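Residues per chain, in single letters:
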Amino acid sequence: MSQENVENVGDAAAAFNRGDLNAWWEYWAEDIDYRAVEGAPDDHGPIQGKEAMREYVQDWLDTFDDFRFEPVEITDAGKDKVIAVIRISGRAKLSGVETDLTFAILYTIRDGKIARGREYWTRDEALEAAGLRE
């Protein structure tokens, strides 16, 4: 099951980057529980449910041209957990400023879908949150 979870996270990112948001949403549970890095500019507190997650993602898409969400590394973190190190990039529509940011997400998978996500500034923070240490 763990390898399947890793593949699902990778397949979801691939769907997003080819612009197939309908396919991307199929990887998310209806009751998704998500949180951006606490204290980050895009942290609006807990994101509950697929509709709230759609609004969060749409905000990113409305803010940036050429927005990319690329996995740098996807790791099995045991049982129902996956850690994805993600690189996002794009050009701000209003200012033209290029953005390039790398962070980690600890996903919890339930029935093949992403049911929970927590963003962390670093891979090490995500590993610690998963109860793993290197």
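Note that the structure is a prediction, hence the values are computed from the model and not measured. (Residues numbered from 1 in each chain as written. Predicted model: local features only at pLDDT ≥ 70, side-chain atom pairs only at ≥ 80, totals over all residues. Heavy atoms only, no water.)

Enquirer: Quick rundown of the overall build of the protein chain? Include the residues and the values.
Expert: When helices and strands are counted, the protein chain shows four helices and six strands. Ordering the α and β elements of the protein chain from the N terminus gives α-α-β-β-α-β-β-β-β-α. Whereas a compact globule of 134 residues would reach a radius of gyration of roughly 14 Å, the protein chain reaches 14 Å, a difference of no more than 12%. Scored against the burial criterion, the 134 residues of the protein chain give a buried share of 44%. Relative to all contacts within the protein chain whose residues are 6 or more apart in sequence, the contacts with residues 24 or more apart total 45%. Counting every atom, the protein chain has about 7,300 Å² of accessible surface; 47% of that belongs to carbon and sulfur. The averaged location of the 29 negative side-chain charges in the protein chain is 2 Å from the averaged location of its 16 positive side-chain charges. (Helix = DSSP H or I, 4+ residues; strand = E, 2+ residues; numbered from the N terminus. Rg over C-alpha atoms; globule rule 2.2 N^0.38 Å. Buried < 20%, exposed > 50% of the residue type's maximum accessible area, 1.4 Å probe, protein only. Contact = heavy atoms within 4.5 Å. Areas by Shrake-Rupley, 256 points an atom, 1.4 Å probe, with all protein chains shown as cover. Lys, Arg positive; Asp, Glu negative; His and termini not counted. Charge placed at Lys NZ, Arg CZ, Asp CG, Glu CD.)

Enquirer: Give me the lowdown on the layout of surface pockets, citing residues and values where you can.
Expert: If a probe the size of a water molecule is rolled over the atoms, the empty space left behind becomes visible. One number sums up the size of the largest pocket: a volume of about 400 Å³. Lining the largest pocket are 25 residues, with Asp 42, Tyr 56, Trp 60, Ile 88 and Glu 119 positioned closest to its centre. Within the residue set of the lining of the largest pocket, elements represented by two or more residues are β1 (28-35), α3 (50-63), β3 (64-76) and β5 (98-110). Here the lining of the largest pocket takes six residues from α3, the largest share from any one element. Considered class by class, the residues forming the lining of the largest pocket number 20 nonpolar, two polar and three charged. (1 Å grid on protein atoms, 1.4 Å probe; cavity = no way out; pocket = protein on both sides within 12 Å on 5 of 7 lines; lining within 4 Å. Points joined across faces, edges and corners; volume = space filled by probe spheres on them. Nonpolar A, V, L, I, M, F, W, Y, C, P; charged D, E, K, R; others polar.)

Enquirer: Got a sec to walk through the pattern of salt bridges? Specific residues and values, please.
Expert: For the coordinates displayed, the defined rule picks out 15 salt bridges. Note that Glu 70 and Arg 68 form a salt bridge whose closest N and O atoms lie 3.6 Å from each other. Looking at Arg 68, the relative accessible area reads 31%, which means it is partly exposed. Measuring nitrogen to oxygen at the nearest pair gives 3.2 Å for the salt bridge that ties Glu 70 to Arg 87. Here the residue Glu 70 occupies a position in strand β3, and Arg 87 occupies one in strand β4 (residues 81-92), the gap between them amounting to 17 residues. The class of Glu 70 is partly exposed, set by a relative accessible area of 24%. Overall, the relative accessible area of 30% leaves Arg 87 in the partly exposed class. (Salt bridge = Lys/Arg side-chain N within 4 Å of Asp/Glu carboxyl O.)

Enquirer: Give a description of α3 that names residues and reports values.
Expert: Spanning 14 residues, α3 covers 20 Å between terminal C-alpha atoms, matching the ideal 20 Å at 1.5 Å per step. Of all the positions in α3, only Lys 50, Met 53, Tyr 56, Val 57 and Trp 60 are classed as buried. Looking straight down α3, one finds that the buried residues subtend no more than 120 degrees of arc, so they occupy a single side. (Expected span 1.5 Å × (residues − 1). Arc of directions from axis to C-beta.)

Enquirer: I'd like a rundown of the side chain of Lys 50, residues and numbers included.
Expert: By the secondary structure assignment, Lys 50 is in helix α3. Within polar-contact distance, the side chain of Lys 50 engages the backbone oxygen of Trp 25 at 3.0 Å. Engagement of the side chain of Lys 50 in a polar contact is seen with the backbone oxygen of Trp 28, the distance being 3.2 Å. Not counting residues within four places of it along the chain, the set of residues in contact with Lys 50 comprises Trp 25, Trp 28, Ala 29, Glu 30 and Ile 32. (Polar contact = N/O pair within 3.5 Å; in protein donor to acceptor, adjacent residues only side chain to side chain.)

Enquirer: Let's hear about the environment of Asn 5: which residues, and what values?
Expert: Within the element layout of this structure, Asn 5 appears in helix α1 (residues 2-17). Given a relative accessible area of 2%, Asn 5 falls into the buried group. Other than its neighbours up to four places away in sequence, Asn 5 contacts Lys 79, Asp 80, Val 82 and Ile 109.

Purely geometric numbers; function is a separate question.
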